[in-house]
Amino acid sequence: MKKILLNILLLTVLSTGYSQDKKNVLFIAIDDLKPTIGAFGDDYAKTPNMDRLADKGTVFLNNHCQQAVCGPSRASLLTGLRPDIVKVWDLKTKIRKQRPDVVTLPQYFKNNGYLTYGVGKIYDPRSVDKQQDQQSWTEYTLPNQLRYPEGKQAPALSYYQNPENVKKVRALRKEAEAKGIEKKKINKWVQQRFKPAFEKADVSDDAYIDGAITKQGEAYIKALAKQDQPFFLAVGYKRPHLPFAAPTKYWDLYNENEVPLAKFQQKVEGGYEKAYHNSSELQGYKTEGLDISEADGVVKISEKGQRQLIHGYYAATSYVDALVGRLITQLEENKLDQNTIIILWGDHGWHLGDHLLWNKHSNFEQATRSPMIIVDPSQKTVKRVSSVTEFVDIYPTLADMAGLPVPTEGLSGKSLRPLLNGSEKTIKKYAMTQIARGKINGYSLKSGNIRYTAWYDGTPRLKKTLEGCTLKAEELYDYKADPLETRNLAKDKAYQKQLNEMRALFMEFFRNDRTYQSHSFGAINGTKTDWKTAAEARIEKHRKGDVKLTVLDKKGKPFNGKVKIEQVRHQFRFGGVINTNLFTSEKKEIYQKTFLTLFENAGYENAFKIKHKRLYDKRHQQITPFLKENNIPLRGHALVWEKTKNMPKDIQQYVNATDTAELIHQLENYVKYGLSEYDVVEWDVLNEPRECHVVQDLTKQNSWAYWFEYADKVRKNKQVKFYLNENKVISAPYKVADKNIQFHYKVIEDILAANAPLEALGFQSRMKQHIKPEDLYARLEKFASFGLPMLGTEFEIVDSPYQKFTEADRAQITDEAMTVYFSHPQVEGFYVWTPFGENRKAFFDLDANPRIEAKVWAKKLEEWSTSLEAKADKKGKVAFRGFKGTYRVTITQNGKTYSNLFQAEESQNDIKVKLTDLTN
């Protein structure tokens with residue numbers, strides 16, 4: 001299903017003043033990619049697209065990761081911190097558990113006015129939250145949101161598309177279910193029995209997950225080309241990580257009998273045993289016919305097996321190369337290539353049999369050396385950099401290249417811009433990589449052609465000094481003399497000078513390059529900010545406009561005198577939901593008067609649901625004069641509610657009938673009646689589909705989309721806007737939030753995929769737990785991705801098992817919720833569900849005495865209203881900046897007062913008001 005991305009035309013994050021003269025960033029991450037790339041000197045590799053990218057930019061030939069493990073490498077790269085600082089050394093530790101205040105690379109761009117979008121593997125998912133570090137992204141496409149070609153399901157076990165393998169996986173899953181294996185443990189059970197290390201399948205590129213990732217990346221690029229804000233787009237590929245799965249055509253690029261085998265397949269002379277591992281990652285795959293044996297702590301694989309694996313690695317690399325080419329082409333076709341920085345990197349190297357090693361997880365050159373290509377569209381010459389660089393350098397480099405303030409404190413790396421522009425040939429003394437073997441930690445420094453690795457016992461990574469740690473071994477390699485690392489030179493007297501120099505560099509690193517500093521640079525323009533500062537910046541940008549008002553007298557000449565300007569209505573809809581029973585009671589005048597103090601828009605409570613049409617017909621006639629007199633628009637609630645007990649009684653009988661056509665027909669009659677007879681500006685066409693989906697279940701079709709299609713067919717007034725209204729999404733308690741958000745997101749996707757006229761999103765805002773304001777905003781951002789107007793429809797604070805609220809809680813939550821909704825550029829209004837009532841969730845009691853929520857609401861309305869007195873100049877002009885909405889301008893001339901209304905609804909408003917147009 002297509003993903004709707006119109007939000008990018010409207011979406012903004014913070015008001016920082018940056019515009020599209022800032023360079024965009026395309027950030028391409030490739031899992032387990034070593035420099036098996038033509039541009040890096042591998043003549044056997046067929047990588048024309050990465051080579052094309054290299055021809056346009058700079059190739060970093062001596063670049064190194066900080067730890068040759070996916071999670072730690074990416075955690076280090078994306079925070080700009082060395083592993084001992086970010087303290088992520090494994091595949092289970094969360095970045096923000098260790099460093100909750102860290103500002104990540106995409107988050108830094110987001111905080112400085114960029115749209116940040118991601119798809120695929122950027123962070124290792126085990127290092128971040130389920131939203132792939134929610135703070136980092138304007139939008140992130142999760143794996144379950146990817147779309148595959150028609151007739152193709154997502155790859156089996158995420159990897160396999162060969163029909164025979166898919167059939168095998170499905171059979172094993174059925175066997176597991178029959179054995180009563182827990183659902184969440186079935187995949188693991190299957191993979192213990194069947195998990196090939198390689199696969200070729202005669203399928204299209206998009207049948208595998210990396211093809212689906214590319215398709216989403218292309219869609220993002222097309223949409224981003226239409227907006228004015230700069231973007232940071234991250235696309236992360238999962239191949240050539242095991243299993244080496246790729247379409248057959250990429251396997252056919254290579255002859256298995258000709259693939260290059262590792263030249264040095266033994267342990268280093270004079271080496272250290274802890275430097276090796278048993279390639280457990282590869283051994284975790286169950287591959288029929290792959291001959292693997294283990295001895296002396298390493299594995300041996302038959303020549304045939306080696307050729308199969310290496311063939312697969314190159315095929316998977318060429319597959320990803322083709323996908324990278326599609327991204328580059330998409331940039332060019334959308335004319336973004338001249339203003340977009342491109343960086344391509346593989347998260348670490350990979351052993352293909354050298355030193356009897358497979359996978360990564362070592363400090364040898366084949367694991368630490370990682371490809372990196374950077375393209376700067378303003379770069380005049382193509383370059384190849386041979387001096388050492390590291391992944392921690394990416395963060396400050398991209399900030400520097402994009403023209404953002406370069407963080408000078410708190411990061412471990414340096415900007416590579418001097419290397420890119422040729423002003424310097426080298427900018428640092430060494431690149432550092434580390435690995436752990438239990439309590440023994442190995443730190444490996446590459447400087448020029450020399451690598452030095454120091455192995456210390458006592459878990460030094462946890463300590464500030466080496467006190468209590470014991471040096472267990474040293475390694476020294478000279479790649480000019482011995483490029484294959486065949487001999488440890490640490491005890492060679494001819495290398496004593498180099499050994500001492502590298503020891504000194506190691507001590508310099510250990511003492512000085514492992515200190516954490518607060519990330520104060522992660523704020524707007526370098527100024528530390530919090531959620532409220534950010535919200536206020538958005539309010540200033542999106543809720544205010546500049547007004548040039550010209551007042552003319554009766555003769556059309558400029559009025560030069562005192563002018564009073566008072567805002568009487570907001571563009572943003574501050575609304576309340578009317579209890580029709582109360583508004584037709586003996587106290588109706590009290591309620592009406594009080595209602596007008598806080599609300600400019602209205603809806604009806606349950607009396608307005610379509611099943612109560614008779615009640616509506618009766619009470620609405622009594623309330624209509626009040627609404628019209630005060631120019632209060634009315635919204636319609638729950639045109640269709642797929643819940644049996646909420647259906648009209650005359651329709652409930654059809655729910656259990658086998659003929660669902662009659663059920664649909666009867667509901668259609670109510671839809672048609674509502675759209676014909678109700679005097680409203682908008683309808684919640686569908687209400688609460690997450691919990692209420694009886695019709696959807698009975699018909700076995702997308703009836704949700706159908707209701708919008710039918711409503712559009714029968715509506716007479718095309719100005720009536722169609723909403724989808726849902727509960728427990730934006731204000732969902734944390735325990736259920738992820739599940740509810742994912743479900744509702746899919747509902748919207750399905751409706752839009754059917755091209756149904758869903759025109760706006762309503763979110764019930766019933767607070768049963770204090771949701772942090774930054775989380776409220778992040779949830780709104782999630783749904784802003786559809787590019788539709790949004791509305792807070794039912795705000796109230798309700799005591800629940802999640803939380804019992806104090807008066808202070810209620811004041812705080814009201815302030816926060818109003819501020820968050822008002823600050824979001826796509827939100828058009830915020831409605832209170834219970835203005836009057838007996839219990840604590842009401843804003844006023846039944847005698848119209850205000851509770852704390854009403855007092856806070858009134859205070860915020862006053863804060864967000866503009867009133868002023870000014871003297872018009874000789875040309876009759878008054879200039880001011882104020883909140884968007886309707887204003888009353890008042891003047892006094894010859895002892896008479898004249899007054900009338902004008903609207904300031906745009907960012908720039910040039911308005912003329914003739915005195916003859918004003919009424920006494």
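Residues numbered from 1 in each chain as written. Predicted model: local features only at pLDDT ≥ 70, side-chain atom pairs only at ≥ 80, totals over all residues. Heavy atoms only, no water.

(A) A look at the packing of helix α26 (residues 807–823) against helix α27 (residues 852–863). Two elements in contact, α26 and α27, have axes whose closest approach is 9 Å; the angle formed by their N-to-C orientations is 35 degrees. Relative to α27, the crossing made by α26 is right-handed. Together, E807, R810, A811, T814, D815, M818 and T819 of α26 and I852, E853, V856, W857 and K860 of α27 make up the contact between the two elements. Taken together, the residues that form the contact of α26 with α27 break down as five nonpolar, two polar and five charged. (Axes fitted to C-alpha atoms, helices over the stretch in contact; angles between N-to-C directions. Helix = DSSP H or I, 4+ residues; strand = E, 2+ residues; numbered from the N terminus. Left-handed = near helix turned anticlockwise from the far one by under 90°. Contact = heavy atoms within 4.5 Å. Nonpolar A, V, L, I, M, F, W, Y, C, P; charged D, E, K, R; others polar.)

(B) Focus on empty space enclosed by the protein. All chains considered together, the criterion is met by four cavities of 30 Å³ or more. Counted as a void, the largest cavity has a volume near 150 Å³. Taken together, 13 residues make up the lining of the largest cavity; nearest its centre are Q134, W137, T138, E139 and K782. Counting residues per element, the ones that place at least two in the lining of the largest cavity are β5 (139–141) and α25 (773–784). (1 Å grid on protein atoms, 1.4 Å probe; cavity = no way out; pocket = protein on both sides within 12 Å on 5 of 7 lines; lining within 4 Å. Points joined across faces, edges and corners; volume = space filled by probe spheres on them.)

(C) Inspection of the nonpolar core at higher detail. Counting 91 residues, the largest nonpolar core has F783 and W857 as the members making the most contacts within it. Counting residues per element, this core draws most heavily on helix α24 (residues 734–753), at eight residues. Residues within four places of W857 in sequence aside, it is in contact with F574, G575, L598, F599, F795, T814, M818, F830, V832 and F843. In this structure, V166, Y237, L336 and V375 belong to the second largest nonpolar core, which totals 81 residues. (Core = buried A, V, L, I, M, F, W, Y, C linked by side-chain atoms within 4.5 Å. Buried < 20%, exposed > 50% of the residue type's maximum accessible area, 1.4 Å probe, protein only.)

(D) Quick peek at the packing of aromatic side chains. Summed over the entire model, instances satisfying the criterion amount to 61 aromatic pairs. Judged by centre distance (5.7 Å) and plane angle (35 degrees), the ring pair of F574 and F822 falls under tilted. Taken together, the residues F574 in strand β23 (residues 573–578) and F822 in helix α26 connect sequence positions 248 residues apart. When its relative accessible area of 1% is taken as the criterion, F574 is described as buried. Here the guanidinium or amino end of R543 rests over the ring plane of F822, the centre of that ring lying 5.4 Å away. Of note, R779 hangs over the ring of Y734, and the distance from its end group to the ring centre comes to 5.3 Å. (Phe/Tyr/Trp six-rings, centres within 6.5 Å; stacked < 30°, edge-to-face > 60°. Lys NZ or Arg CZ within 6 Å of the ring centre and 35° of its normal.)

(E) Focus on the pattern of salt bridges. Evaluation of the coordinates by the stated rule reveals 56 salt bridges. Here E508 and K429 are joined by a salt bridge, their closest N and O atoms 3.4 Å apart. Taken together, the residues E508 in helix α15 (residues 496–512) and K429 in the loop between α14 (417–420) and β17 (431–437) connect sequence positions 79 residues apart. With relative accessibility at 32%, the residue E508 sits in the partly exposed group. Between R766 and E794 there is a salt bridge whose closest N-O contact spans 2.8 Å. Taken together, the residues span a long stretch of sequence, with R766 in strand β29 (residues 766–767) and E794 in strand β30 (residues 790–797) at a distance of 28 residues. E794 shares its class with R766; the two are buried. It is possible to trace a salt-bridge network through shared partners that takes in D31, R74, K121, D124, R126 and D347. (Salt bridge = Lys/Arg side-chain N within 4 Å of Asp/Glu carboxyl O.)

(F) Representation of the side chain of K428 in the model. Inspection of the secondary structure puts K428 in the loop between α14 and β17. Engagement of the side chain of K428 in a polar contact is seen with the side chain of E390, the distance being 2.6 Å. When neighbours within four sequence positions are excluded, K428 is seen to be in contact with V388, T389, E390, V392, D393, G413 and K414. (Polar contact = N/O pair within 3.5 Å; in protein donor to acceptor, adjacent residues only side chain to side chain.)

(G) Looking closely at the pairing of β17. Along β17, six of the seven residues are buried, which leaves the element largely enclosed by surrounding structure. Where β17 and strand β18 (residues 440–447) come together, seven bridges link them in antiparallel fashion. Residue pairing in the sheet places R437 in a bridge with I440 of β18. Where β17 folds back onto β18 in an antiparallel hairpin, the turn is made up of two residues, including G438, whose phi is positive at roughly 70 degrees. (Pairing = 2+ DSSP bridges.)

(H) View of the sheet that holds strand β33 (residues 877–883). One open sheet holds the three strands; their spatial order is β33-β21-β36, and the pairing between them is mixed. In this open sheet, the two strands that pair with only one neighbour each are β33 and β36 (908–914). With strand direction ignored, the average angle separating the axes of adjacent strands in the sheet is 25 degrees. As paired strands, strand β21 (residues 544–552) and β33 are joined by seven bridges and run antiparallel to one another. In the strand pairing of β33, V547 is matched with F880.

(I) Looking closely at a positive patch on the surface. A surface patch of like charges, here positive, comprises K548, K875, K877, K912 and K914. Relative to the helices and strands, K875 is located in the loop between β32 (867–871) and β33. The class of K875 is exposed, set by a relative accessible area of 58%. (Patch = residues over 30% accessible without salt bridge, like charges linked within 9 Å, V, L, I, M, F, W, Y side chains within 5 Å. Areas by Shrake-Rupley, 256 points an atom, 1.4 Å probe, with all protein chains shown as cover. Lys, Arg positive; Asp, Glu negative; His and termini not counted. Charge placed at Lys NZ, Arg CZ, Asp CG, Glu CD.)

(J) Structural detail: α15. Relative to the 24 Å expected for 17 residues at 1.5 Å per residue, α15 spans 24 Å between its end C-alpha atoms, a close match to the ideal helical length. Those residues of α15 that fall on the buried side of the exposure criterion are L499, M502, L505, F506, F509 and F510. Seen from one end, α15 has its buried residues packed into an arc of 130 degrees, which puts them on one side. In α15, the exposed residues that point more than 90 degrees away from the buried face are K497, R511 and N512. (Expected span 1.5 Å × (residues − 1). Arc of directions from axis to C-beta.)

(K) The confidence of the model for the protein, seen in detail. For the protein, the average pLDDT comes to 91, and 94% of its residues sit at 70 or higher. Within the model, the stretch residues 522–528 combines pLDDT values under 50 with 18 contacts to residues more than four positions away or in other chains. (pLDDT = per-residue confidence, 0-100.)

(L) Region of the structure containing the sheet that holds strand β20 (residues 470–478). Read across the sheet, four strands follow the order β17-β18-β19-β20 without closing on themselves; strand pairing throughout is antiparallel. Strands with a single pairing partner mark the edges of an open sheet, and in this sheet they are β17 and β20. With strand direction ignored, the average angle separating the axes of adjacent strands in the sheet is 15 degrees.

(M) Spatial organisation of the environment of M502. Looking at the secondary structure, you find M502 in helix α15. Assessed through its relative accessible area of 4%, M502 is described here as buried. It is 19 Å that separates the C-alpha atoms of M502 and R461, two residues lying 41 residues apart in sequence.

(N) Quick peek at unusual backbone geometry. A cis amide bond, omega 15 degrees, links R239 with the succeeding residue P240. When you line up the elements, P240 lands in the loop between β7 (231–237) and β8 (244–247). Residue P243 is reached from L242 by a cis peptide bond, and omega for that bond is -10 degrees. Looking at the secondary structure, you find P243 in the loop between β7 and β8. Unusually for a residue other than glycine, N631 sits at a positive phi of about 55 degrees. Looking at the secondary structure, you find N631 in the loop between α19 (613–629) and β25 (634–636). Exposure remark for N631: the relative accessible area of 54% places this residue in the exposed category. The phi dihedral of A848 is positive, around 70 degrees, even though this residue is not glycine. Among the structural elements, A848 can be located in the loop between β31 (827–832) and α27.

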